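Remarks on the overall topology
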Amino acid sequence: MGTSPAYELKGLSPEECLSLLIKCAFDDGQDKQYPNLIKIGEGIVRKCGGTPLAVRTLGGILYSKKAEYDWVRVQDNEIWKLEQREDDILPALKLSYDELSFHLKQCFVFCSLFPKDYKFKHYELIQMWIAQGLIPPSEQNEEMEDIGNRYINELLLRSFFQDVEEEIPKFLYNFKMHDLVHDLALSVARPECIMLSFHSENISEKTRHISVLDTQWPKEEEVLRFLRKLSNVRTISFPIINAGPTKSFVATCTSRFKYMRVLDLHNSGFEALPNSIRNLKHLRYLDLSDNKRIKKLPNFICKLHHLQMLILGGCVSLEELPRDIGKMTSLRHLTVTTQQMTLPHKKVEAGKGCFNSLRLLCIAECHCLESVMEETQSLTALRTLVIEKCPRLLSLPKHLPALENLIISNCESLDLRIWNGEKEDHTQGFGNLRLLVIWILPKLETLPRWLLRGPASNTLHHLQILGCQNFRALSEEEEPLNLTSLETLTIVNCPQFSSLLEGVNHHFTALRQLDVMHCPELSVLPEEMHNLPALSQLRIEGCPELVERCQPGMGEDWNKIAHIVDIFLDGEKIESTIHNQVTKGGLAEDSWRAFGKGGKLEE
């Protein structure tokens, strides 16, 4: 067989590089105000060798800088003069790293513990940063999770992260690192952070953070040979499937490394935890998720008073939480799968304790659970509540004054009109709710009164209703819609949904995006659609009658929507009368379209 000829991959031209730099360094049209900076930019892109990643990264550095001095400093930096070998880190990437703040550098370096092409979950990474003390407390009382989000956004802006995928739009997303950026992370992280292979010859005694990638474990004495060289490890993680630890390895690590802060044992097969974990007084993050065999947690877990994140999702054999869980006063994040009927267990004194500090509570696959926090008013700091696959759960907890994000999925007995077992007459509800996602809730027919008339009606920004087979309208005809802060409304795969109701112009004054997909009973839009002042994007798909009525120029509902800038009908982008043209294929595949074709939340 002959060999194929080699093709040289060409980089961007100088003109293309400059155009990309302008796009990354300026807001739309802003470059016209800075012709002097564009001239300097021409010199900068000449040093990038046509590499898009290098240009994007430098654009991220310069985005917030409009002084000539800053641009000249990048152009004339000494790093460009260093001799460059073939396998060296791109100078533009090293320069971008050098420009990061101290805290951002630390957070970026921590990412070197994960393998190339790893899909980071944004919330998981932030929790690890918090556990390691990499996110400093805010002087303005800003939550550490919000600071972590800011850090991720800054690293995205500078192209240290890329390939963002939204699992739940406006809430949960994943991203990756470019291979060259990963090389940079490895180069600046050693020897403090390493991805451990037991086939390596050496390991530095300065190593503090370890991720284990080996799927084939060597003999125990070989493992111990590695561990004897270390004394002050702060992180042990197993980021890939099938690389789980042996119980003897965990027992040795937890006995030896008393200052450990992060211990990730997800997908392990332990029936019981090593007793030596009780000695980890500085532990902040403990992940035991997807352990299918563990039935009970030792009560000494509750004496880890600095523990902030306890992740027990997917522990399907876990019979109940430890009785003293109320003593874990530092806990910020609790993810739990349990066989309990009530949460917390009635033996637990729930009035005080850890629930005061919780920011996120995720309850998943609790097939026996009927009630949550019925007798407690201590969830005063809870900002995010996720409830998934709890088929016997009857109602939501009541006292959640700080709640911003509520995600409910696959709870076939849950009735949103019921609170703590009683039908609510008053409408106080959640006073700070920003995001509500309702996914596969058979009892949902219309939105509950506490959302339409309570404080949440003035705070809710994003509403997503998906796969609710009996959902037929936003509200009853006599119930006014008063969602004056709502910015995005998504309704997908609701076969009975037939009415957006009249009068929307008085109650959706902030609405800028409306997506209705796979709702075949919805056949007409409200007359007031043309009066929605902020609506700029409309997406209709899988609604045959409605799509026909919205056809440009000829459809009966076209005049109601012709003013909207971005219109998508069954995957076709329809330019509004502002642009007066039709283009094919304008709608990319997204998670909601996938759901309409049978996708699931856990995918």
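Note that the structure is a prediction, hence the values are computed from the model and not measured.

**Here's the deal with the overall build of the protein**
- When helices and strands are tallied, the protein shows 16 helices and 25 strands.
- Across the 603 residues that make up the protein, the buried fraction comes to 54%.
- As presented, the protein carries roughly 27,500 Å² of accessible surface, and 47% of it is formed by carbon and sulfur atoms.

**Describing the environment of Ser317**
- Mapped onto the elements, Ser317 comes out in the loop between strand 9 (309-312) and strand 10 (333-336).
- When the C-alpha positions of Ser317 and Arg293 are compared, they lie 5.9 Å apart, and in sequence the two are 24 residues distant.
- Each residue touching Ser317, except ones within four places of it in the same chain, is listed here: Lys292, Arg293, Ile294, Lys295 and Gln339.
- Within polar-contact distance, the side chain of Ser317 engages the backbone oxygen of Lys292 at 2.7 Å.

**A word on the packing of helix 5 (residues 91-98) against helix 9 (residues 179-189)**
- Between helix 5 and helix 9, the least distance of the axes is 10 Å, while the angle of their chain directions is 55 degrees. On the basis of the axis angle, helix 5 is oblique to helix 9. Where helix 5 crosses over helix 9, the two elements pack in a sense that is right-handed. Residues Leu93, Lys94 and Tyr97 of helix 5 pack against Leu180, Val181, Leu184 and Val188 of helix 9.
- Looking at the contact of helix 5 with helix 9 residue by residue, the classes come out as 6 nonpolar, no polar and 1 charged.

**Observations regarding the nonpolar core**
- By size, the foremost hydrophobic cluster in this structure holds 115 residues, and its most contacted members are Leu406, Phe471 and Leu474.
- Grouped together as the second largest cluster of nonpolar side chains are 41 residues, Phe114, Leu134, Leu155 and Phe160 included.

**Notes on the packing of aromatic side chains**
- Considering all chains together, one arrives at 13 aromatic pairs under this definition.
- Aromatic pair Tyr97 and Phe108: ring centres 5.9 Å apart, planes at 50 degrees, arrangement tilted. In this pair, Tyr97 sits in helix 5 while Phe108 sits in helix 6 (residues 102-110), placing the two residues 11 residues apart along the sequence.
- Assessed through its relative accessible area of 0%, Phe108 is described here as buried.
- Chaining the aromatic ring pairs together yields one cluster made of Phe114, Tyr118, Phe120, Phe161, Tyr173 and Phe175.

**Remarks on the sheet that holds strand 1 (residues 120-121)**
- The strand order 1-3-2 describes an open sheet built from 3 strands, whose pairing is antiparallel. Each having just a single partner strand, strand 1 and strand 2 (162-168) make up the two edges of the open sheet.
- Sheet analysis places strand 2 next to strand 3 (residues 172-176), joined by 4 bridges and oriented antiparallel. Bridging from a neighbouring strand, Glu165 pairs with Asn174 of strand 3.
- Along the sheet, helix 8 (residues 144-157) contacts strand 2 and strand 3; its crossing angle with strand 3, the most-contacted strand, is approximately 40 degrees.

**Thoughts on the packing of helix 3 (residues 52-62) against helix 4 (residues 68-75)**
- Axis separation between helix 3 and helix 4 bottoms out at 11 Å; the angle between their running directions is 150 degrees. The orientation of helix 3 relative to helix 4 falls into the category roughly antiparallel. The way helix 3 lies across helix 4 gives a crossing that is right-handed. Contact residues: Leu58, Ile61 and Leu62 in helix 3; Asp70, Trp71 and Val74 in helix 4.

**Structural notes on the pattern of salt bridges**
- Tallying each qualifying case throughout the model produces 30 salt bridges.
- Among the ionic pairs, Asp70 bridges to Arg73, the shortest N-O distance being 3.8 Å. Linking Asp70 with Arg73, this pair stays in helix 4, spanning 3 residues, or about one helical turn.
- According to the relative accessible area criterion, Arg73 is partly exposed, its value standing at 31%.
- Linking Glu99 and Arg73 is a salt bridge whose minimum nitrogen-to-oxygen distance equals 2.9 Å. Pair noted here: Glu99 is in the loop between helix 5 and helix 6 and Arg73 is in helix 4, with a separation of 26 residues, a long-range link.

**Quick notes on the state of the cysteines**
- Enumeration over the complete set of coordinates arrives at 0 disulfides.
- In this structure Cys48 is not part of a disulfide, and its nearest cysteine sulfur, from Cys17, lies 6.4 Å away.
- With no disulfide of its own, Cys519 lies 5.0 Å from the sulfur of Cys494, the closest cysteine sulfur.

**Digging into helix 1 (residues 14-25)**
- Taking 1.5 Å as the rise per residue, helix 1 with 12 residues should run 16 Å; its terminal C-alpha atoms sit 16 Å apart, in good agreement.
- Every buried residue of helix 1 is accounted for by Cys17, Leu18, Leu20, Leu21, Cys24 and Ala25. End-on view of helix 1: buried residues confined to an arc of 165 degrees, all on one side of the axis. Exposed residues pointing more than 90 degrees away from the buried face of helix 1 are listed as Glu15 and Lys23.
- Summarising the contacts, the buried residues of helix 1 are in contact with helix 2 (35-46), helix 3 and helix 4.

**Some remarks on the confidence of the model for the protein**
- Averaged over every residue, the pLDDT of the protein is 84; residues scoring 70 or more account for 86%.
- Predicted confidence is poor over residues 579-603, with pLDDT under 50, and the contacts of this stretch with residues over four places away or in other chains come to 56 contacts.

**Considerations on the side chain of Thr459**
- Here Thr459 shows up in the loop between helix 12 (449-453) and strand 19 (462-466).
- For Thr459, a relative accessible area of 16% gives the class buried.
- Ignoring sequence-local partners within four residues, the contact set of Thr459 consists of Gly431, Asn432, Leu433, Arg434 and Ser485.

**Digging into unusual backbone geometry**
- Here the amide bond leading from Arg190 into Pro191 is cis, since omega sits at 0 degrees, within 30 degrees of zero.
- In this fold, Pro191 is placed in the loop between helix 9 and strand 4 (193-196).
- The linkage connecting Leu343 with the following residue, Pro344, adopts the cis geometry, with an omega of -5 degrees.
- Within the element layout of this structure, Pro344 appears in the loop between strand 11 (342-343) and strand 12 (360-364).
- The backbone of Glu365 sits at a positive phi, close to 55 degrees, despite the residue not being glycine.
- Summarising the element assignment, Glu365 is placed in the loop between strand 12 and strand 13 (371-372).
- Classification of Glu365 by relative accessible area gives partly exposed; the value is 28%.
- At Asn493, a position not held by glycine, the phi torsion is positive, near 55 degrees.

Rules behind the numbers
Residues numbered from 1 in each chain as written. Predicted model: local features only at pLDDT ≥ 70, side-chain atom pairs only at ≥ 80, totals over all residues. Heavy atoms only, no water. Helix = DSSP H or I, 4+ residues; strand = E, 2+ residues; numbered from the N terminus. Buried < 20%, exposed > 50% of the residue type's maximum accessible area, 1.4 Å probe, protein only. Areas by Shrake-Rupley, 256 points an atom, 1.4 Å probe, with all protein chains shown as cover. Contact = heavy atoms within 4.5 Å. Polar contact = N/O pair within 3.5 Å; in protein donor to acceptor, adjacent residues only side chain to side chain. Axes fitted to C-alpha atoms, helices over the stretch in contact; angles between N-to-C directions. Parallel < 35°, antiparallel > 145°, perpendicular 65-115°, else oblique. Left-handed = near helix turned anticlockwise from the far one by under 90°. Nonpolar A, V, L, I, M, F, W, Y, C, P; charged D, E, K, R; others polar. Core = buried A, V, L, I, M, F, W, Y, C linked by side-chain atoms within 4.5 Å. Phe/Tyr/Trp six-rings, centres within 6.5 Å; stacked < 30°, edge-to-face > 60°. Pairing = 2+ DSSP bridges. Salt bridge = Lys/Arg side-chain N within 4 Å of Asp/Glu carboxyl O. Disulfide = S-S within 2.5 Å. Expected span 1.5 Å × (residues − 1). Arc of directions from axis to C-beta. pLDDT = per-residue confidence, 0-100.

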